[in-house]
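Here is how the chains run, residue by residue.
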Amino acid sequence: MMTSLVTKLSDEEVRARLLQIPTWKLNRGELECTFSLTSFPQAVLFVDAVALLAESEQHHPDITITYDTVILRVATHSAGGISEKDFMLAQRISQLERVFQIIK
């Protein structure tokens, strides 16, 4: 049986790291963020950019698109929870906010 090289962060580590990415929250054991964009095409373009980032990291979020709203959820299933990889991906995704017209 192969073991994961990625380790799950403790609850305290997760809470501390969430302070660094305030638009993300903890929801049902996953990091989650909701992005509101200006239109459906803008939301799809945002998801395309997220897909390219995720592929480069070899770490893929769960994605929900509802018209102009995108919900992303990230967890490391092989680690059984949230790992450093999740925070790295979340931070890179959050940097896309400068490129896309994200409505807060």
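Further up the page is the structure itself.
The structure reproduced in this document is the subject of the present report. None of these values were measured; they are calculated from a predicted model.

**Here's the deal with helix α1 (residues 11–18)**
Argument step 1. Along α1, the residues classified as buried are Val14, Arg17 and Leu18. Mapping the buried residues of α1 onto a view down its axis gives an arc of 100 degrees, with all of them on the same face.
Argument step 2. Check the buried side of α1 and you find it contacts β1 (25–27), β2 (30–36) and α3 (84–95).

**As for the packing of helix α2 (residues 40–57) against α3**
Argument step 1. In the contact formed by α2 and α3, the axes pass within 10 Å of each other and the chain directions differ by 145 degrees. Seen from above, α2 lies across α3 with right-handed handedness. Listed contacts from α3 to Phe46, Val50, Leu53, Ala54, Ser56 and Glu57 of α2 are Lys85, Met88, Leu89, Arg92 and Ile93.
Argument step 2. Along the lines of polarity and charge, the residues of the contact of α2 with α3 split into seven nonpolar, one polar and three charged.

Thresholds applied
- Residues numbered from 1 in each chain as written.
- Predicted model: local features only at pLDDT ≥ 70, side-chain atom pairs only at ≥ 80, totals over all residues.
- Heavy atoms only, no water.
- Buried < 20%, exposed > 50% of the residue type's maximum accessible area, 1.4 Å probe, protein only.
- Helix = DSSP H or I, 4+ residues; strand = E, 2+ residues; numbered from the N terminus.
- Arc of directions from axis to C-beta.
- Contact = heavy atoms within 4.5 Å.
- Axes fitted to C-alpha atoms, helices over the stretch in contact; angles between N-to-C directions.
- Left-handed = near helix turned anticlockwise from the far one by under 90°.
- Nonpolar A, V, L, I, M, F, W, Y, C, P; charged D, E, K, R; others polar.

Take it as geometry only, folks, not as evidence of what the structure does.
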